[in-house]
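# Architecture and fold: a report
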Amino acid sequence: MSDTHADPMQGWPHEDDSDVMTGVELDEGGYPTEAAMRTALQAVLDPEIGINIVDLGLVYGVEVVDGVAHVKMTLTTMGCPLTELLHQQCTLVLARLPKIDDVEVEFTFSPPWSTDMMSAEAKEELRAMGFNV
């Protein structure tokens, strides 16, 4: 039996013993590296654009201190109504990493986000959708 299986009534995975991701790159303290956390955060999509928050350049920093993952990020627009959704998704993804007991997400608008912060892949995706970036 796998560690996680879908509840046929809810459609969401739930825990048997553990819902921790395996095969994650860890630092000398046994915590996920910044690169591993950024990779995990690629599962979080900006709900309006449909591109992950890392490639959009929304994640300014991520680190672990005493089992707490701290994410500093921005939004594409000030006053975005989906802040709580992004916060929840970041928390769900990072909490599955080894030794992460809690997640704190700080939203900032300094520096302000611009399309210059996007990865080449994200710019390519937006161009394919007809955006001029």
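Everything here concerns the structure above.
The structure displayed is predicted, hence computed values, not measured ones. (Residues numbered from 1 in each chain as written. Predicted model: local features only at pLDDT ≥ 70, side-chain atom pairs only at ≥ 80, totals over all residues. Heavy atoms only, no water.)

## A short note on the overall build of the protein chain
- Across its full length, the protein chain holds 3 helices and 5 strands.
- Overall, the protein chain shows an N-to-C arrangement of helices and strands of β-β-α-β-β-α-β-α.
- The proportion of buried residues among the 133 residues of the protein chain is 35%.
- Pairs at least 24 residues apart make up 55% of the contacts formed inside the protein chain by residues separated by at least 6 positions.
- Accessible surface, the protein chain: about 8000 Å² in total, of which carbon and sulfur atoms supply 52%. (Helix = DSSP H or I, 4+ residues; strand = E, 2+ residues; numbered from the N terminus. Buried < 20%, exposed > 50% of the residue type's maximum accessible area, 1.4 Å probe, protein only. Contact = heavy atoms within 4.5 Å. Areas by Shrake-Rupley, 256 points an atom, 1.4 Å probe, with all protein chains shown as cover.)

## A word on the pairing of strand β3 (residues 59-65)
- As defined by bridge partners, β3 adjoins strand β4 (residues 68-73) across 6 bridges and the pair is classed as antiparallel. The residue of β4 that forms the bridge with V62 is V71.
- With antiparallel pairing between neighbouring strands as the criterion, β3 and β4 make up a hairpin whose turn holds 2 residues, including D66 at a positive phi of roughly 50°. (Pairing = 2+ DSSP bridges.)

## Brief notes about the pattern of salt bridges
- By the definition in use, this model includes 1 salt bridge.
- A salt bridge links R38 to E34; its shortest N-O distance comes to 3.0 Å. Placement of the pair is R38 and E34 together in helix α1 (residues 34-41), with a separation of 4 residues, close to one helical turn. (Salt bridge = Lys/Arg side-chain N within 4 Å of Asp/Glu carboxyl O.)

## Topic: the side chain of K123
- For K123, the location among the structural elements is in helix α3 (residues 120-128).
- For the buried K123, no salt bridge is present, and the opposite-charge side chain at shortest range is D116, 4.7 Å distant. (Lys, Arg positive; Asp, Glu negative; His and termini not counted.)

## Observations regarding α1
- The complete set of buried residues in α1 reads A36, M37, A40 and L41. Down the axis of α1, the smallest arc covering the buried residues is 140°, so these residues share one side.
- Residues of α1 that are buried in the fold lie against β3, β4 and α2 (83-94). (Arc of directions from axis to C-beta.)

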